[in-house]
Every structure is written in C-alpha cells, then in structure tokens.
Amino acid sequence: MRRIEWHDTIDSTMRRAAELAREGCPAGTVVAARMQTAGQGRLGRMWDSRPGGLYFTIVLRPRLEPAQVPLATLALGLAVADTLQTFAGVAVDLRWPNDVLIGDRKLAGILAQFQDGALLAGIGLNVNQREFPPELEPLATSLWRETGSEQNPEFLLPALARSIESHLNILETSGAAAILRLFESASSYVSGRRVTVELPAGSITGTTAGLTAEGFLLVRRDDGSLVTVTAGGVRPAG
Ligand code: BTN
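Let me begin by describing the structure that accompanies this report. Because the structure is predicted, anything quoted here is derived from the model rather than measured. (Residues numbered from 1 in each chain as written. Predicted model: local features only at pLDDT ≥ 70, side-chain atom pairs only at ≥ 80, totals over all residues. Heavy atoms only, no water.)

## Side note on unusual backbone geometry
Then, number 1: Cis geometry is found at the peptide bond from Trp96 to Pro97, where omega equals 0°.
Then, number 2: Residue placement: Pro97 occurs in the loop between β4 (93-95) and β5 (99-102).
Then, number 3: One non-glycine residue, Leu43, lies in positive phi territory at about 55°.
Then, number 4: Of note, Leu43 is situated in the loop between β2 (30-33) and β3 (54-60).
Then, number 5: With a phi close to 50°, Asp116 is a non-glycine residue in the positive phi region.
Then, number 6: With a relative accessible area of 51%, Asp116 lands in the exposed category. (Helix = DSSP H or I, 4+ residues; strand = E, 2+ residues; numbered from the N terminus. Buried < 20%, exposed > 50% of the residue type's maximum accessible area, 1.4 Å probe, protein only.)

Printed below as a string of structure tokens:
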C-alpha cells in the first residue's frame, strides 16, 4: 500500500519529500498538495502553485548509475505523457528534457533531484486552473482549458505514480535505448526543430539533431557545429 501524504497547503512538496527520504521512507512514498506557497521550478525558478493544480513529489530509489540520471529525467516525462493520454484523453508533446506541453503551452513541469541516495521526482500539473498570472498566460495551459471538464487530482495521482515507477523500470530492465526510442517518438523537439537554448555561458540558436546515448540533446548551430546540451532551457527560436 502506497503512502500518500496529502496537504491542503505546503511550502514545497520537494522539501517535505527530501525530509522523508532522509528519514528513510520507502520507495514510492508520495507527498501531494492542492497548493504550494514556495513551489520550486527548474533552473532555480518559482513554480506557480495556485489552487486547482496537482503538486506532488514521489520518492524513488531506482537501481541506476549517476550517469543514467538524464535518462531517468526523460522517463519521467514519458510517464506523465502516458498517464495524461490514458486517463485524461489528451495528447501532449515533450520538450527536452521533460516539459509537458500542449502546442507551445506548458501543461506540466517536472523537477528531478538526487538526494541522499533517492530520486525525488516533483510534478506540477495544471489541472483545473481557469486563469494564470499575466506573465504565464501565453505560456501555460491546464487540463480544464484543453478539455472543458474538471478532473479530480486525487484520481490522477495514483495513476501518475504507477506510470512513473513503470517507466523507470523500463530504464532499469531494458536500458537506455528503450527510453530514447520512446522519447524520440513522443517528442516533436528531438530533431529538426529550430530552438534557442539558454546555457550558463549564454544562449545558442540552432536546429535539434537527436539525442545522445546518455540522453542529452544535440543542437546543430547555423555554422555547422554540433553542441551537446546537458542542461538548460529549450524554447522555440523566434
Ligand atoms: C519546471 O520548472 O518545469 C519544473 C516544475 C516542477 C514543479 C513541481 S510542483 C511539485 C514539486 N514541488 C515543487 O516545489 N516543485 C515540484
């Protein structure tokens, strides 16, 4: 039986899950919230965590080498995409490494952190939000906006948790090639897309050119050079 700790409001499910992981909680433990006051996003950003969304972190203890972390990140996006297709009937796109999109708008964000021997997978899913703050309005969407119907986050959560575990299991048992193949067919961003990538040293623009065996994104710049993107924010060039 999975332990799910539900909160009406919490600062961040990542913080609470890290605490439980340090205390040695079993793999599969979930911390979930209906609202967060200090939601953490990728690259040090804040995650808008107003009521209506589903915010959770699952504590995993996969048998993976540190070098497989980027592949685990891809597996998390695939897991969310699969569940949304099956349980909410929406077809999503994945933007490397694991943004979940409908068109160019973000439906869900995923934050993966390795801490104290555990993988903490944090998912923020826009479920029933009608509105977003003005700066997110052109960038975000929700299941309600896409389907016109309310979804029960408590129904989606166990399905998401199961799918995350089974996609990590694919990586553990079938290896990198299986996850890379699945990601390539689920994501329109893997090859042939004009993108701008924010890197610590500045941004680059080019055309995506596939994934490396480690799960990194290849981008061919207009001067012909090939850049391996190991971390960074990818967006359509424009
Ligand atoms: C992103 O920037 O795309 C990743 C966002 C991840 C947000 C989720 S919400 C649940 C969990 N708790 C947090 O504080 N962040 C993650």
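## Notes on the pattern of salt bridges
Proximity of charged atoms lets side chains of opposite charge pair with each other.
Then, number 1: By the definition in use, this model includes 16 salt bridges.
Then, number 2: For Arg16, the salt bridge goes to Glu5, with nearest N and O atoms at 2.7 Å. With Arg16 in helix α1 (residues 13-22) and Glu5 in strand β1 (residues 4-7), this pair connects stretches of sequence that are 11 residues apart.
Then, number 3: Of the residues examined, Glu5 reaches a relative accessible area of 14% and is grouped as buried.
Then, number 4: Between Glu137 and Arg145 there is a salt bridge whose closest N-O contact spans 2.7 Å.
Then, number 5: Here the salt bridges share partners, and the residues they tie into one network are Arg3, Glu5, Asp11, Arg15, Arg16 and Glu19. (Salt bridge = Lys/Arg side-chain N within 4 Å of Asp/Glu carboxyl O.)

## A short note on the pairing of strand β6 (residues 105-115)
Then, number 1: In terms of strand pairing, β5 meets β6 through 3 bridges, oriented antiparallel. Residue Val100 lies in a different strand from β6, and its bridge partner there is Ala108.
Then, number 2: The hairpin formed by β5 and β6 contains 2 residues between the paired strands, and Gly103 there has a positive phi angle of roughly 60°.
Then, number 3: In this sheet, strand β7 (residues 118-125) lies alongside β6 in antiparallel orientation, the contact comprising 8 bridges. Bridge pairing in β7 links Phe114 to Leu119.
Then, number 4: Between β6 and the antiparallel strand that follows it, β7, lie 2 residues; Asp116 among them carries a positive phi value of about 50°. (Pairing = 2+ DSSP bridges.)

## A short note on the sheet that holds strand β10 (residues 217-221)
Pairing between sheet strands relies on hydrogen bonds along the backbone, with the strands arranged either parallel or antiparallel.
Then, number 1: Strand order in the open sheet formed by 5 strands is β11-β10-β9-β8-β12, and the pairing between neighbours is antiparallel. Lying at the two open borders of the sheet, with one neighbouring strand each, are β11 (226-229) and β12 (233-236). Pairs of neighbouring strands in the sheet enclose a mean axial angle of 45°, with direction left out of account.
Then, number 2: Alignment of strand β8 (residues 191-199) against β12, held across 4 bridges, turns out to be antiparallel. In the sheet register, Glu198 faces β12, and the bridge partner there is Gly233. (Axes fitted to C-alpha atoms, helices over the stretch in contact; angles between N-to-C directions.)

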